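# Descriptive analysis of the structure
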Amino acid sequence: YASPLFSIAIDVITLYSFMVFRLSCDYWGYVMSYESKLLFVELSRHVSETPRISLKNLSSKMNVSRRTIEKTIKLVAGKTFREFQGELFMARVQFLLTSQATLSIKTLSFDNGYKSARSFSRSVKRMSGLCPHELRSRLAQIEQPTGRSV
């Protein structure tokens, strides 16, 4: 179960990845186009690949000002950078918890850039209200039909 924002981001990324038109990039691969929807696609990709990236590091990596990033996310998604990052993080966690049910929480935490399972668990609990084990159980219940007829 993915959040609507994550689904929209994936749809947009998929659409643009099959199109010939791409963001204008210079020799080093820096984003040069500030078309908000296209920039949002690249922002989504970077944040999805590196969930814990800071706004400062993202700005440096893309060679786009922090202000431009914040304005683009607010314009396209109606969220702050932190809210946007949190939603993409939770969508990624939910996907990994359901698609790789045997993956340990410790491994999942390291794969998401955390140095300890404890800090990862705190982040998940802060964003979802559930610890990772509880979230995994809840998602498994949603995924599997109960067998009851209505």
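Going by the structure above, here's the rest.
Attention here is on the structure that accompanies the text. This structure is a prediction, so every number in the text was calculated from the model and none was measured. (Residues numbered from 1 in each chain as written. Predicted model: local features only at pLDDT ≥ 70, side-chain atom pairs only at ≥ 80, totals over all residues. Heavy atoms only, no water.)

Here we take up the overall build of the protein. Summing up its helical and strand segments, the protein has 8 helices and 0 strands in all. Burial statistics for the protein: of 150 residues in total, 37% are counted as buried. A fraction of 56% describes how many contacts in the protein between residues 6 or more apart in sequence connect residues 24 or more apart. Carbon and sulfur atoms make up 54% of the accessible area of the protein, which amounts to about 9700 Å² in all. (Helix = DSSP H or I, 4+ residues; strand = E, 2+ residues; numbered from the N terminus. Buried < 20%, exposed > 50% of the residue type's maximum accessible area, 1.4 Å probe, protein only. Contact = heavy atoms within 4.5 Å. Areas by Shrake-Rupley, 256 points an atom, 1.4 Å probe, with all protein chains shown as cover.)

Evaluation of the coordinates by the stated rule reveals 4 aromatic pairs. Relative to Tyr114, the ring of Phe89 has its centre 5.9 Å away and its plane inclined at 50°; by these criteria the two rings are tilted. Remark: Tyr114 occurs in the loop between α6 (105–111) and α7 (117–128) and Phe89 occurs in helix α5 (residues 81–99); sequence separation between them is 25 residues. Here the two residues Phe89 and Tyr114 agree in accessibility, since each one is buried. Ring centres 5.4 Å apart and planes at 75° place the aromatic pair Tyr114 and Phe120 in the edge-to-face group. Like Tyr114, the residue Phe120 is buried in the burial classification. Every member of this aromatic cluster is reached through a ring pair, and the members are Phe89, Tyr114 and Phe120. (Phe/Tyr/Trp six-rings, centres within 6.5 Å; stacked < 30°, edge-to-face > 60°.)

Let us now look at the pattern of salt bridges. A complete count under the given rule lists 3 salt bridges for this structure. With a shortest N-O distance of 2.8 Å, Glu42 and Arg45 are connected by a salt bridge. A residue pair is termed a helical-turn pair when its members lie 3 or 4 positions apart in one helix, as Glu42 and Arg45 do in helix α2 (residues 36–49) at 3 residues. The salt bridge involving Glu87 is made with Lys79; its shortest N-O contact spans 3.2 Å. When its relative accessible area of 23% is taken as the criterion, Glu87 is described as partly exposed. Counted as one network, the salt bridges with shared partners bring together Glu42, Arg45 and Glu49. (Salt bridge = Lys/Arg side-chain N within 4 Å of Asp/Glu carboxyl O.)

Our next topic: the side chain of Ser109. Mapping Ser109 onto the fold places it in helix α6. Setting aside chain neighbours within four positions, we find Ser109 in contact with Tyr114, Ser116, Ala117 and Phe120.

Take unusual backbone geometry next. Among all residues except glycine, the phi angle is most often negative; among peptide bonds, the trans geometry is most common. Located in the positive-phi region is Asn63, a residue other than glycine, with phi close to 60°. Residue position: Asn63 is located in the loop between α3 (55–62) and α4 (66–77). Judged by its relative accessible area of 45%, Asn63 falls in the partly exposed class.

A general trend in soluble globular proteins is that nonpolar side chains are found buried together. Core analysis: the largest hydrophobic core is formed by 15 residues, its most contacted members being Leu43, Val47, Leu58, Ile69, Ile73 and Phe81. Residue assignment for this core shows that the elements contributing at least two residues are α2, α3, α4 and α5. No other element matches α2, which puts 4 residues into this core. When neighbours within four sequence positions are excluded, Val47 is seen to be in contact with Ile53, Leu58, Phe81, Phe84, Gln85 and Leu88. Phe89, Phe120, Leu130 and Leu139 belong to the second-largest nonpolar core, a separate cluster that totals 14 residues. (Core = buried A, V, L, I, M, F, W, Y, C linked by side-chain atoms within 4.5 Å.)

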